[in-house]
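Chain residues, written in single-letter form:
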Amino acid sequence: MKRDFHVIFSLFAASSRLQKKRAYLTIAAIAWGTVAILLLLAFGEGLKRQLDRNRRSTGENLAVMWPGETTKPYRGMPPGRSIRPRIDDLDQLRGRMPELKAVLGEIVSWRTALTYGRKTVNGRVIGVNWEYGDARKHFPQPGGRFLSPEDQAQMRRVIFLGDEMAKNLFGPENPVGKTLLLNNSPYLVIGVMQHKTQMGVYGGPDANHATIPITTFRAQFGRERLNNLVIETNEPEEMKGELRKLNEIWGAKFRYDPTDERALGTWDMVKSAKTTRNILIGIQLFLGIVGALTLLIGGVGVANIMYAVVKERTREIGVKMALGAKRRWIIVPFVLEGVLYTLIGGTMGIVIATLLVTATSFIPIEGNKVLSFLGRPTLSPQIGVITSLILGAIGLLAGYFPARRAASIDPAATLRYE
Amino acid sequence: MNKNGSIIHMADIRKVYDTGKVKVEALKGIDLEIHAGEMVAIVGPSGSGKSTLMNLVGCLDTPTSGEYELAGDNVAGVTRDQLAEIRNRRVGFVFQNFNLLPHISAVENVEMPMLFGGISPRERRKRASELLDRVGLGERLDHKPTELSGGQMQRVAIARALSMNPDIVLADEPTGNLDSTSGSDIMSLFTDLWQQGRTLVIITHDLALAKRASRIVEIHDGRVTSDRAA
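Residues numbered from 1 in each chain as written. Chains lettered and ligands numbered in written order. Predicted model: local features only at pLDDT ≥ 70, side-chain atom pairs only at ≥ 80, totals over all residues.

*Asks:* Describe the overall build of chain A, naming the residues involved and giving the relevant values.
*Replies:* Each helix and strand counted, chain A has 14 helices and nine strands in total. Its C-alpha atoms give chain A a radius of gyration of 33 Å, more than 25% over the compact-globule value 22 Å for 418 residues. Judged by the C-alpha coordinates and their principal axes, chain A covers about 105 × 60 × 35 Å. Here chain A holds 418 residues, and the buried ones make up 39% of them. (Helix = DSSP H or I, 4+ residues; strand = E, 2+ residues; numbered from the N terminus. Rg over C-alpha atoms; globule rule 2.2 N^0.38 Å. Buried ≥ 20, exposed ≤ 12 C-beta atoms within 10 Å, placed from the backbone.)

Have a look at this one:
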């Protein structure tokens, strides 16, 4: 064993001295492949993180439901009946499902005239509970606030604006503290939403709507039928059970079959987040495979060079065998040589890719439409591990196959003639 | 060593090359006995099978059938690595085209079999220098083969062949690539080695050189046709 090590090391040291010049291009190919796989994976990782962040900007552990029509007969009643929950049904539901983090109602008024000074825009106004701000991530910009329990209890005429809508109506002015007219009733602007890149949208982006207390909405518009019901659980895995329970409670109350999926249309964001995650894993896998193939081409380059070396040194190998070299003493130095090229190229590639990824972190992401969706390439430890494993495997294989050919050389055939 | 003192004991050795379509019988039953201290020349025209015989004697190849003992060890049915070890310890090769490794120095070339034989680096360097000194190249230890003349390269090869102190030195047309002066120098070197008690087998088609051996074995068409003292 010790002797093996000594012999192999001596032979390897002697042969790698010779190969320097030939190795440069191969090493460059491996470095290039490594850069490709790392950048592709970093891009995938950045995309994943950004999409995750964008998805969370709608809210976490949410489900949105909208009342529809029954499609199954229930207790002698025909299908096709409308389900009509009202504001007061929220309190009752809250009482039956205290484990939920939030039970929220939305009543929507589409194309509502909002006037400030001489400017009027038609926009979406939604009546919501005060807990809506946290659950749906309507965070106020500094100097403002979201709707409060008092606003709701006292039916105050206060309004919280999406940032796009605020810009349309007020331009560069700070809207907070100003009064605008909503269908000719004065409302005090109490806050403007912080900008967010939003993935999950229903009705429209949050930036383009305004929210007022649900009680005020009832007084203003004389409507109390809910357009949407939003529930929030504490943990994502609770969502499925809570939705079933909710359908059982409301199925009994509004007389519909709890398994009737159309009575209460449901968007389970937990479930769609899982789907999105799976798609992202698929994308990352795809990017990884593309990168690995690029790297493989580098590996083929290494193997190619090693084959050329074997061919060129056939007689030398034959001589060594005649002098008593064992198979492994021929094979291992070749494998080591392949691994060495791969290692050097891989290290160079990792350094270059890290520099490139670091460079992209200096590009501002705010206000950049592409980056705010795609995110910023990110290198994670897993990416490092995966790339190293692929590099190692390619190095071993690229060295092994030529080495095996070297070991299969018949010394008797190579020694005799020039 | 074998009980009757023979280094090489071959009985009814046959070698068939199967090229897929055609089977070529290169050796058709060779019986050969070589004793310690002999200097044997194997002669024959090209195509006679003497190269095949050399491969078998040197354990570079194995016979299709027959019995072969090298220094008392049966060579039949051993693995490639075991064969490599036998070559390393028992056989010293000298080739027509020298077959030195071109990128390393003379002394490193001589050390190569000792590296495979598990000799320590210091001992290797000591023995290699001594051997090169003995063949008259004590001044050229660090020269690369390309910096040496043909005769000098062949002397490095002879030093290399002796480095593991083998039971037999096997030379294949050792003067074939040399001018007549260098060739006769090399033959003198072989004669010296024989006189020091080495066992040598030299393959040649040059009868003048063969006459310097103690015994001449002639091969024709895969058979021994004549075996006589020189």
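We are not done yet, so read on.
*Asks:* So what about the overall build of chain B? Which residues, and what values?
*Replies:* Counting its secondary structure elements, chain B contains seven helices and ten strands. Over its C-alpha atoms chain B spans a radius of gyration of 17 Å, differing by no more than 12% from the 17 Å that the globule rule assigns to 230 residues. Considered along the principal axes of its C-alpha atoms, chain B spans approximately 50 × 40 × 40 Å. Taking all 230 residues of chain B together, the buried fraction comes to 49%. In chain B, the proportion of contacts linking residues at least 24 apart, taken out of those at least 6 apart, comes to 69%. (Contact = placed C-beta atoms within 7 Å.)

*Asks:* How would you summarise the interface of chain A and chain B if you had to cite specific residues and measurements?
*Replies:* If you look at the interface, chain A gives 20 residues, while chain B gives 23 residues. Residue assignment for the side of chain A that touches chain B shows that the elements contributing at least two residues are helix 1 (2-16), helix 10 (314-322) and helix 14 (411-415) of chain A. The dominant element in the side of chain A that touches chain B, judged by the number of residues it contributes, is helix 10 of chain A, at five residues. The residue inventory of the side of chain A that touches chain B, partitioned by class, reads eleven nonpolar, two polar and seven charged. (Nonpolar A, V, L, I, M, F, W, Y, C, P; charged D, E, K, R; others polar.)

*Asks:* For unusual backbone geometry, give the residues involved together with the corresponding values.
*Replies:* All names here are of chain A. One non-glycine residue, Arg75, lies in positive phi territory at about 50°. Not every positive phi belongs to a glycine, and Arg255 is a case in point at roughly 60°. On the secondary structure map, Arg255 appears in the loop between helix 8 (239-254) and strand 9 (264-268).

*Asks:* Tell me what's going on with the domain arrangement of chain A, and back it up with residues and numbers.
*Replies:* Residues and elements named next belong to chain A. In terms of domain boundaries, chain A breaks down into domain 1 (2-56 + 274-415) and domain 2 (62-270). Relative to domain 2, the C-alpha centre of domain 1 lies at a distance of 54 Å. Elements supplying a minimum of two residues to the side of domain 1 that touches domain 2: helix 2 (20-56) and helix 12 (369-374). In terms of residue count, helix 2 provides more of the side of domain 1 that touches domain 2 than any other element does, three residues in total. (Domains from an automatic or database assignment.)

*Asks:* Lay out the sheet that holds strand 9 (residues 215-220) of chain B with the relevant residues and their values.
*Replies:* All names here are of chain B. Strands sit in the order 6-7-8-3-9-10 across an open sheet of six strands; the sheet is mixed. Of all the strands in the sheet, the pair left with one neighbour each is strand 6 (91-94) and strand 10 (223-229). Strand-to-strand, the axes of this sheet are offset by a mean angle of 20°, without reference to chain direction. Direction of pairing for strand 6 relative to strand 7 (residues 168-172): parallel, over a ladder of four bridges. (Pairing = 2+ DSSP bridges. Axes fitted to C-alpha atoms, helices over the stretch in contact; angles between N-to-C directions.)

*Asks:* Which residues make up the environment of Gly222 of chain B, and what are the values?
*Replies:* Residues and elements named next belong to chain B. For Gly222, the position within the fold is in the loop between strand 9 and strand 10. Taking the C-alpha atoms as reference points, Gly222 and Leu56, separated by 166 residues in sequence, lie 13 Å from one another. In contact with Gly222, other than residues within four places in its own chain, are Glu25, Ala26, Leu27, Lys28 and Gly49.

*Asks:* Describe in detail the sheet that holds strand 4 (residues 65-70) of chain B, supporting the description with residues and values.
*Replies:* Backbone-to-backbone hydrogen bonds join strands into a sheet, with any given pair of strands oriented parallel or antiparallel. Residue and element names in this part refer to chain B. The antiparallel open sheet is built from four strands, whose spatial order is 2-1-4-5. Strands with a single pairing partner mark the edges of an open sheet, and in this sheet they are strand 2 (23-35) and strand 5 (73-74). Note that strand 1 (residues 6-18) and strand 2 share ten bridges and pair antiparallel. Residue pairing for strand 2: Ile13 is matched across the bridge by Ile30.

*Asks:* For the environment of Met77 of chain A, give the residues involved together with the corresponding values.
*Replies:* Here Met77 of chain A shows up in the loop between strand 1 (62-67) and helix 3 (87-96). In the structure, Met77 of chain A is positioned 179 residues away from Tyr256 of chain A in sequence and 8.8 Å away in space, judged by C-alpha atoms.

*Asks:* Can you tell me about the confidence of the model for chain A, naming the residues and giving the values?
*Replies:* Averaged over all residues, the pLDDT of chain A is 89; the fraction at 70 or higher stands at 97%. Here helix 12 of chain A is the element of chain A with the lowest mean pLDDT, 74, and strand 4 (residues 158-161) of chain A is the one with the highest, 97. (pLDDT = per-residue confidence, 0-100.)

*Asks:* Explain the pairing of strand 5 (residues 179-182) of chain A to me, using residue names and the numbers behind them.
*Replies:* Residues and elements named next belong to chain A. The side-chain alternation of strand 5 yields one buried face, formed by Leu180 and Leu182, and one unburied face, formed by Thr179 and Leu181. Across two bridges, the pairing between strand 2 (residues 102-116) and strand 5 is antiparallel. Each residue of the ladder has a partner; that of Thr115, found in strand 5, is Leu181. As judged from the four bridges shared by strand 5 and strand 6 (residues 185-192), these two strands associate in the antiparallel manner. When the bridges of strand 6 are listed, Leu182 appears paired with Ser185. Hairpin connection, strand 5 to strand 6: the antiparallel pair is bridged by two residues, and Asn183 has positive phi, about 45°.

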